[in-house]
Amino acid sequence: MFNRISNRLFLTLLILLLALSSLYISMVIYSAPLFLQELNQQLNLNLAENIVSEKKLIIDKKINHKAMKTVLNGMMLVNPGIEIYITDQQGKLLAYSAPKGVVKRESISIEPVKKFFQTNRRLPILGDDPRSHETNKVFSAAPIKSNNQLDGYLYIVLGGQTYDSIVNILESNYMLRSWISAIVISVLIASLIGYLLFRYITRRVFVLSEAMDKFKKTDFTQSVVLPERFDGRKGDEIDYLGSTFHQMSERIIQQVKLLQHNDSSRRELIANVSHDLRTPLASLQGYLETLLLKNNSLTNIEIQEYIQTAYEQSKRLQKLISELFELARLENQDANLNFETFSMSELAHDVSHKFKLNAKSKNIILKTQIPARPVFVSGDIGLIQRVLENLIDNAIKYTPAGGEVEIALNIGEQAISTVIRDSGLGMTEEDTQQIFERFYRVEKHRNEDGSGLGLAIVKRIMQLHNTSISVLSTPDKGTIFSFNLPQSII
Ligand code: ADP
């Protein structure tokens, strides 16, 4: 039950309220009698003085018992708790109204009486109670004088209630009861409001923790649906927590999807690699086996033919393996590039020269449109050469006899655009979107020798040069590949 934060907060509030209310109640109980005493003394402040000025209580140094009785009778009507004492100058009791036997003291301390006469006194001032040796009571006092000579004091014990227990105080005092009831009611109301408020405030934390728990139990592929209130608009900590959790869960989902995708493409890659390696290997093995088993029955021409084919297959295998290695090396995060400024026009000339014979043997015209003056670019010359070779090799490979392949360099304001155009087989738009993926080969072109890795290598090299390769192709009309490199001025 106390696992919920709202309940814990409520419990804390309750303890606090109870502690405070107990403190208040004890203060009220302690201060109420003092307050009442003060009130009592305040109300009867001039009582003794008035009596002294009205009645002559001492005549010729003798107590005027008659006057005292009259005063007492008058007093009894107003307040029966009042007791009247007459003392001498030192506080010795000379006469009193109380019945004989109940008065325990012979004298009272005169100090409080003197304090009572001071102008800057602070009430209540407690004086000795002649009825007891222990208790003190509020009083009113006045000096009794005759012929300007101090005869003694009129000492009126204001008496009233004495409180010996809390119940006693509570029973006798309406105001005190009201105060305590008000405190108790306030505590109850504050607790209720506190409870509801804490529940309301922590509700969003509760909802959030439930959503987190739900997310924890999933396979981290589906988004968590959070209530609208966590959209960061409120801007408090809970809102921030909610929107952060939402962003984090989205990131986790993305990462999980990426991992899953990577895992499946890794499996696909392994399957493709093993398939593509196995085909030439099986063919190589087949020819070698035939040569071994049927060596005697084969003609010299046949033997020559078989060895040639086996050699071709081993070359294919070697090409495939080296392309795989090359791609793996380039895909490595810290593939080392050798950036330098070089003449693109010179490189294009060289590569086209390299393919001249190949094109001629296929009866393809290999043209160049390269500016006469050297055009400099910045990049890794070895890798850019590889790009040109792959693109020209493909252009020749997928162009039938009698066709044309052109290498052109266009000088832009800041970049040099290299274009390899052919009038070959071309391909559909759907194909152009996939040819840069590893092992992708257009179905119709499968009779041509190829690995499906050449363009993946090209794409990666372009990425490493912070540029991209684009392709435009029309089936049976031809294909245009182009890429830009930043121009270098020297
Ligand atoms: P491959 O070794 O098969 O040529 P690439 O990655 O170089 O592998 O090319 C992928 C596929 O793109 C090729 O199999 C081919 O179908 C298609 N392709 C590439 N260049 C051209 C082109 N110039 N004309 C038509 N199709 C092309």
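Residue positions are counted from 1 within each chain, in the order its sequence is given. Restriction of local features to residues with pLDDT of at least 70 applies here, the model being predicted, together with a cutoff of 80 or more for giving and counting side-chain atom pairs; totals for whole chains, interfaces and linings are based on all residues. Based on all heavy atoms of the structure, the side-chain values leave hydrogens and waters out of the count.

K.L.:
Before we go on, may I ask you to explain the packing of helix 9 (residues 344-361) against helix 10 (residues 381-397) in this structure?
P.N.:
For every element, the axis is a line fit to its C-alpha atoms; helices are fit only across the contacting stretch, and the angle between N-to-C directions ranges from 0 to 180 degrees. Under the scheme used here, helices are H or I runs from DSSP no shorter than 4 residues and strands are E runs no shorter than 2 residues, and both carry numbers assigned from the N terminus. Interaxial distance between helix 9 and helix 10 falls to 10 Å at its minimum, and their mutual angle equals 35°. Handedness of the helix 9/helix 10 crossing: right-handed. Of helix 10, the residues touching helix 9 (which contributes Met344, Leu347, Ala348, Val351, Lys354, Phe355, Asn358 and Ala359) are Ile381, Ile384, Gln385, Leu388, Glu389, Ile392, Asp393 and Ile396. Any residue that is not Ala, Val, Leu, Ile, Met, Phe, Trp, Tyr, Cys, Pro, Asp, Glu, Lys or Arg is counted as polar, Gly included; the first ten are nonpolar and the last four charged. By residue class, the composition of the contact of helix 9 with helix 10 is 11 nonpolar, 2 polar and 3 charged. Take the far helix as the reference: if the near one is turned anticlockwise from it by less than a right angle, the crossing is left-handed, and if turned clockwise, right-handed. The contact criterion used is simple: two residues touch if any of their non-hydrogen atoms lie within 4.5 Å.

K.L.:
Would you mind showing me how to read the packing of aromatic side chains here?
P.N.:
The relation between two aromatic rings is expressed through the spacing of the ring centres and the mutual angle of the planes. The rule is short: rings of Phe, Tyr and Trp, with Trp giving its six-membered ring, pair when the centres are within 6.5 Å, and they are stacked under 30 degrees, edge-to-face over 60, tilted in between. For the structure shown, the criterion picks out 11 aromatic pairs. Between Tyr85 and Tyr96, the aromatic rings sit 6.0 Å apart at their centres with planes inclined by 45°, giving tilted as the arrangement. One end of the pair, Tyr85, is in strand 3 (residues 83-87); the other, Tyr96, is in strand 4 (residues 93-96), with 11 residues separating them in the sequence. A 1.4 Å probe rolled over the protein chains alone gives each residue an accessible area, and that area as a share of the maximum for its type sets the label: buried under 20%, exposed over 50%, partly exposed in between. The exposure class of Tyr96 is partly exposed, given its relative accessible area of 32%. Between the aromatic rings of Phe436 and Phe481, the centroid separation amounts to 6.3 Å while the plane-to-plane angle is 90°, which identifies the pairing as edge-to-face.

K.L.:
Quick question: what am I supposed to make of the environment of Gly101 here?
P.N.:
When you line up the elements, Gly101 lands in the loop between strand 4 and helix 4 (111-117). Judged by relative accessible area, Gly101 falls into the exposed class, the value being 63%. For the pair formed by Gly101 and Lys397, sequence separation is 296 residues and the distance between their alpha carbons is 140 Å.

K.L.:
What's the story with the site of the ligand in this structure? I'm lost.
P.N.:
We call a residue near a molecule or strand when any one of its heavy atoms sits within 4 Å of it. Taken together, 20 residues surround the ligand, and among them Asn394, Tyr398, His445, Ser451 and Leu455 come closest. Whenever a nitrogen or oxygen atom comes within 3.5 Å of another N or O atom, the pair is scored as a polar contact, on the condition that within protein one atom can donate a hydrogen and the other can accept it, and that pairs from neighbouring residues in sequence are kept only if both atoms are in side chains. Between the ligand and the protein, one listed contact pairs an oxygen atom with a backbone N or O atom of Val442 at 3.0 Å. The contact in question runs from an oxygen atom of the ligand to an N or O atom on the backbone of Leu455, over 2.8 Å. When the free accessible area of the ligand is taken as 530 Å², the share hidden by the protein chains comes to 99%. Looking at the shell around the ligand, the elements with two or more residues in it are helix 10, helix 12 (454-464) and strand 14 (478-486). Looking at which element gives the most residues to the shell around the ligand, the answer is helix 10, with 3 residues. Here the accessible surface of atoms and residues is derived via Shrake-Rupley with a 1.4 Å probe, and residues count as covered only by protein chains that are part of the display.

K.L.:
Mind showing me how you'd approach the domain arrangement of the chain here?
P.N.:
A common way to report how large an interface is uses the accessible area buried once the components associate. An automatic or database domain assignment provides the domain bounds reported here. Domain assignment breaks the chain into domain 1 (45-157) and domain 2 (336-486). Each of domain 1 and domain 2 was reduced to a C-alpha centroid, and the two centroids are 126 Å apart.

K.L.:
Got a minute to help me understand the pattern of salt bridges in this structure?
P.N.:
Side chains carrying opposite charge are able to pair once their charged atoms draw close together. Criterion for a salt bridge: a side-chain nitrogen of Lys or Arg within 4 Å of a carboxyl oxygen of Asp or Glu. The full count for this structure, using the stated rule, is 17 salt bridges. Arg386 is the partner of Glu323 in a salt bridge, and the nearest nitrogen-oxygen pair spans 3.8 Å. Highlighted residues: Glu323 in helix 8 (residues 300-331) and Arg386 in helix 10, separated in sequence by 63 residues. Accessibility assignment for this pair places Glu323 and Arg386 in one class, buried. Among the ionic contacts, a cluster of salt bridges with common partners joins Lys319, Glu323, Glu326 and Arg386.

K.L.:
Explanation requested: the sheet that holds strand 9 (residues 365-369) in the structure shown.
P.N.:
What links the strands of a sheet is backbone hydrogen bonding, and the strands pair in either a parallel or an antiparallel sense. The strand order across the open sheet built from 5 strands is 9-11-12-14-13, with neighbouring strands paired in mixed fashion. Whereas interior strands pair on both sides, the edge strands pair on one side only; in this sheet they are strand 9 and strand 13 (469-474). Between one strand and the next, the sheet's axes are offset by a mean angle of 15°, whatever the strand orientation. By the convention used here, strands pair only if DSSP detects at least 2 bridges between them. Inspection of the sheet shows strand 13 paired to strand 14 by 6 bridges, in the antiparallel sense. Bridge pairing in strand 14 links Val471 to Phe481. Here helix 9 sits on the sheet in contact with strand 9, strand 11 (404-411), strand 12 (415-422) and strand 14, set at roughly 170° to strand 9.

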